[in-house]
Amino acid sequence: MSQNSNPYEHTPTAMVFDVFTEVSNELIGLLTHRSDAATDPAERESWWQRDLGVRDTRRAVDPQNRQALLEHIAAWKLEIEQLKVAR
(Lines give C-alpha, C1' and ligand atoms only; values in the text may rest on other atoms or scores of the structure.)
Protein backbone atom coordinates (compact mmCIF):
# COMPACT_ATOMS: atom_id res chain seq x y z
CA MET A 1 0.00 0.00 0.00
CA SER A 2 1.51 3.33 -1.02
CA GLN A 3 1.47 6.33 1.27
CA ASN A 4 -0.87 9.04 0.01
CA SER A 5 0.85 12.44 0.09
CA ASN A 6 -2.57 14.12 0.13
CA PRO A 7 -4.92 12.46 2.61
CA TYR A 8 -7.65 14.90 1.56
CA GLU A 9 -7.46 14.13 -2.16
CA HIS A 10 -11.03 12.82 -2.34
CA THR A 11 -12.44 14.91 0.49
CA PRO A 12 -14.91 17.69 -0.37
CA THR A 13 -13.63 21.20 0.28
CA ALA A 14 -16.38 21.80 2.86
CA MET A 15 -15.01 18.91 4.90
CA VAL A 16 -11.45 20.17 4.46
CA PHE A 17 -12.67 23.47 5.91
CA ASP A 18 -14.10 21.57 8.89
CA VAL A 19 -10.69 19.93 9.45
CA PHE A 20 -9.05 23.37 9.11
CA THR A 21 -11.38 24.72 11.81
CA GLU A 22 -10.82 21.77 14.15
CA VAL A 23 -7.03 21.91 13.78
CA SER A 24 -7.03 25.66 14.41
CA ASN A 25 -9.19 25.12 17.52
CA GLU A 26 -6.73 22.56 18.85
CA LEU A 27 -3.80 24.91 18.27
CA ILE A 28 -5.63 27.86 19.81
CA GLY A 29 -6.40 25.73 22.86
CA LEU A 30 -2.76 24.80 23.30
CA LEU A 31 -1.62 28.40 22.83
CA THR A 32 -4.23 29.73 25.25
CA HIS A 33 -3.15 27.18 27.83
CA ARG A 34 0.50 28.16 27.40
CA SER A 35 -0.42 31.83 27.76
CA ASP A 36 -2.52 31.20 30.86
CA ALA A 37 0.17 29.02 32.46
CA ALA A 38 3.08 31.38 31.77
CA THR A 39 4.50 33.07 34.85
CA ASP A 40 6.57 35.59 32.93
CA PRO A 41 4.47 38.46 31.52
CA ALA A 42 6.55 38.65 28.33
CA GLU A 43 6.16 34.93 27.72
CA ARG A 44 2.43 35.16 28.44
CA GLU A 45 2.09 37.97 25.91
CA SER A 46 4.13 36.07 23.31
CA TRP A 47 1.85 33.03 23.54
CA TRP A 48 -1.23 35.25 23.48
CA GLN A 49 -0.04 37.08 20.35
CA ARG A 50 0.55 33.75 18.58
CA ASP A 51 -2.96 32.71 19.64
CA LEU A 52 -4.42 35.90 18.18
CA GLY A 53 -2.40 35.37 14.99
CA VAL A 54 -3.96 31.93 14.47
CA ARG A 55 -7.42 33.40 15.07
CA ASP A 56 -6.77 36.21 12.58
CA THR A 57 -5.49 33.75 9.99
CA ARG A 58 -8.49 31.49 10.48
CA ARG A 59 -10.82 34.41 9.77
CA ALA A 60 -8.79 35.58 6.77
CA VAL A 61 -8.55 32.31 4.84
CA ASP A 62 -11.19 31.88 2.15
CA PRO A 63 -13.14 28.71 2.98
CA GLN A 64 -13.19 27.86 -0.74
CA ASN A 65 -9.41 28.17 -1.15
CA ARG A 66 -8.60 24.51 -0.82
CA GLN A 67 -4.85 24.94 -1.24
CA ALA A 68 -4.66 27.58 1.51
CA LEU A 69 -6.75 25.38 3.81
CA LEU A 70 -4.45 22.41 3.21
CA GLU A 71 -1.31 24.48 3.75
CA HIS A 72 -2.59 25.81 7.07
CA ILE A 73 -3.73 22.37 8.20
CA ALA A 74 -0.25 20.97 7.56
CA ALA A 75 1.55 23.89 9.22
CA TRP A 76 -0.74 23.93 12.24
CA LYS A 77 -0.53 20.16 12.73
CA LEU A 78 3.25 20.45 12.75
CA GLU A 79 3.09 23.31 15.27
CA ILE A 80 0.71 21.28 17.47
CA GLU A 81 3.11 18.35 17.48
CA GLN A 82 6.04 20.63 18.31
CA LEU A 83 4.10 22.20 21.20
CA LYS A 84 3.16 18.79 22.56
CA VAL A 85 6.77 17.57 22.42
CA ALA A 86 8.05 20.73 24.14
CA ARG A 87 5.84 20.36 27.23
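Residues numbered from 1 in each chain as written. Predicted model: local features only at pLDDT ≥ 70, side-chain atom pairs only at ≥ 80, totals over all residues. Heavy atoms only, no water.

Asker: Explain the pattern of salt bridges residue by residue, including any values.
Answerer: Summed over the entire model, instances satisfying the criterion amount to four salt bridges. Note that R50 is salt-bridged to E79, the shortest N-O span being 2.6 Å. In this pair, R50 is assigned in helix α2 (residues 41–60) and E79 in helix α3 (residues 66–85), connecting sequence segments 29 residues apart. Among the residues examined, R50 registers a relative accessible area of 31% and is labelled partly exposed. Exposure remark for E79: the relative accessible area of 18% places this residue in the buried category. Here D56 and R59 are joined by a salt bridge, their closest N and O atoms 2.6 Å apart. On the criterion of helical spacing, the pair formed by D56 and R59 is a turn pair, its members being three residues apart in helix α2. Exposure remark for D56: the relative accessible area of 44% places this residue in the partly exposed category. Since its relative accessible area comes to 62%, R59 is described here as exposed. (Salt bridge = Lys/Arg side-chain N within 4 Å of Asp/Glu carboxyl O. Helix = DSSP H or I, 4+ residues; strand = E, 2+ residues; numbered from the N terminus. Buried < 20%, exposed > 50% of the residue type's maximum accessible area, 1.4 Å probe, protein only.)

Asker: Before we move on, could you go through the environment of I80 and cite the residues and values that matter?
Answerer: Examined against the element boundaries, I80 turns out to sit in helix α3. When the C-alpha atoms of I80 and L27 are compared, they prove to be 5.8 Å apart, with 53 residues separating the residues in sequence. Sequence-distant contacts of I80, defined by excluding residues within four places in its chain, comprise V23, E26, L27 and L30. (Contact = heavy atoms within 4.5 Å.)

Asker: Describe the environment of K77, listing the residues and the values that go with them.
Answerer: Mapped onto the elements, K77 comes out in helix α3. Taking the C-alpha atoms as reference points, K77 and F20, separated by 57 residues in sequence, lie 9.8 Å from one another.

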